[in-house]
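# Geometric and topological summary
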Amino acid sequence: QQQVKQSPQSLIVQKGGISIINCAYENTAFDYFPWYQQFPGKGPALLIAIRPDVSEKKEGRFTISFNKSAKQFSLHIMDSQPGDSATYFCAASDFGNEKLTFGTGTRLTIIP
Amino acid sequence: DAGVIQSPRHEVTEMGQEVTLRCKPISGHDYLFWYRQTMMRGLELLIYFNNNVPIDDSGMPEDRFSAKMPNASFSTLKIQPSEPRDSAVYFCASSRQVRAFFGQGTRLTVV
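Below: a short report on this structure. Quantities reported herein were computed from a predicted structural model and do not represent experimental measurements.

Cut-offs used in this document
- Residues numbered from 1 in each chain as written.
- Chains lettered and ligands numbered in written order.
- Predicted model: local features only at pLDDT ≥ 70, side-chain atom pairs only at ≥ 80, totals over all residues.
- Heavy atoms only, no water.
- Pairing = 2+ DSSP bridges.
- Helix = DSSP H or I, 4+ residues; strand = E, 2+ residues; numbered from the N terminus.
- Axes fitted to C-alpha atoms, helices over the stretch in contact; angles between N-to-C directions.
- Buried < 20%, exposed > 50% of the residue type's maximum accessible area, 1.4 Å probe, protein only.
- Salt bridge = Lys/Arg side-chain N within 4 Å of Asp/Glu carboxyl O.
- Phe/Tyr/Trp six-rings, centres within 6.5 Å; stacked < 30°, edge-to-face > 60°.
- Contact = heavy atoms within 4.5 Å.
- Buried area = accessible area lost by both parts, 1.4 Å probe.
- Polar contact = N/O pair within 3.5 Å; in protein donor to acceptor, adjacent residues only side chain to side chain.
- Nonpolar A, V, L, I, M, F, W, Y, C, P; charged D, E, K, R; others polar.

Residue and element names in this part refer to chain B. The antiparallel open sheet is built from four strands, whose spatial order is β1-β3-β8-β7. What marks the edges here is a single partner per strand, and that holds for β1 (5–7) and β7 (65–71). Each adjacent strand pair in this sheet contributes to an overall mean axis angle of 15°, direction not counted. Direction of pairing for strand β3 (residues 19–24) relative to strand β8 (residues 74–79): antiparallel, over a ladder of five bridges. Residue pairing in the sheet places L21 in a bridge with L77 of β8.

A word on the sheet that holds strand β6 (residues 56–59) of chain A. Residues and elements named next belong to chain A. Pairing in this open sheet of five strands is antiparallel, and the strands run β1-β3-β8-β7-β6 from one edge to the other. Where the open sheet ends on each side, the last strands, each with one partner, are β1 (4–7) and β6. Each neighbouring strand pair of the sheet contributes to a mean axis angle of 15°, computed without reference to strand direction. As defined by bridge partners, β1 adjoins strand β3 (residues 19–25) across four bridges and the pair is classed as antiparallel. Bridge pairing in β3 places V4 opposite Y25.

Residue and element names in this part refer to chain A. Counting buried positions along strand β9 (residues 86–93) gives seven out of eight residues, so the element sits mostly inside the fold. Where β9 lies against strand β11 (residues 106–111), three bridges are found, and the strand directions are antiparallel. Residue pairing for β11: T87 is matched across the bridge by R107. Judged from the three bridges that link them, β9 and strand β10 (residues 100–102) form a sheet pairing that is antiparallel.

With respect to the helices, strands and loops of the structure, E26(A) is situated in the loop between β3 and β4 (33–38). As a C-alpha pair, E26(A) and A49(A) span 23 residues in sequence and 18 Å in three-dimensional space.

What follows is about the pattern of salt bridges. Under the definition given, this model contains 11 salt bridges over all chains. Residue E59(A) is joined to K57(A) by a salt bridge in which the shortest nitrogen-to-oxygen separation is 3.7 Å. What makes K57(A) partly exposed here is its relative accessible area of 32%. A salt bridge links R85(B) to E83(B), with the nearest nitrogen and oxygen atoms 2.6 Å apart.

This part covers the packing of aromatic side chains. Across all of its chains, the model carries 19 aromatic pairs over all chains by this definition. Seen from their ring centres, Y36(A) and F102(B) are 5.6 Å apart, and the 75° between their planes marks the pair as edge-to-face. Taken together, the positions of Y36(A) in strand β4 and F102(B) in strand β10 (residues 99–102) put the pair across two chains. Given a relative accessible area of 0%, Y36(A) falls into the buried group.

Attention shifts here to the interface of chain A and chain B. Across the contact, 18 residues belong to chain A and 20 residues belong to chain B. Approximately 1,600 Å² of surface area, both sides summed, lies buried where chain A meets chain B, with 56% of it carried by carbon and sulfur atoms. If you look at where chain A meets chain B, you find one salt bridge. Among the salt bridges present, the one from K99(A) reaches D56(B), with a minimum N-O distance of 3.3 Å. Taken together, the links from chain A to chain B amount to seven residue pairs in polar contact (both at pLDDT 80 or more). For the side of chain A that touches chain B, the residue count by class is eight nonpolar, six polar and four charged.

And the structure:
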């Protein structure tokens, strides 16, 4: 079974700090790696995504770091804010079929 | 675009009843996915369609679950008969060029 392993399960970070969530995958055919953000009572929302031809992608305070040889990628949230408190899911897909395989999620809490 | 639209938002039904969840994907998207989310199992892919054709239904838990996509604008997920263990949030998502967008979900409670 194709898997994406995500850690940690939960994370508490102080306001202004850096939040880091890690994911690892097994299937070398994966070539698209998005992160989704989910607030309570809402559906997951696409946050940022990366393809394996680059090692880093930054959008505002959110950065994906990608290590193709290690088959790992991570989400960094700089200057974390209370409004970032949510559950974050990493995912991976093969561009050929667009089926997303999700990690198990990380519940992030930003404390004042 | 209004995004992916799901109905109803909440459904409470008695065990044994038929439940139908509905989804309107984003116009122009050629993939449609049905997911189930629970605390224990996270986000599970149940079935997905490409251009209205079911591609992979291996995630459908039992024959009690069925899904259809009669046209590019509409899909249904049906559970018959429903059981308490089917209680979960069901999401529909649509995508084009791998960018997937989720609906708000249907919270199903089977009592």
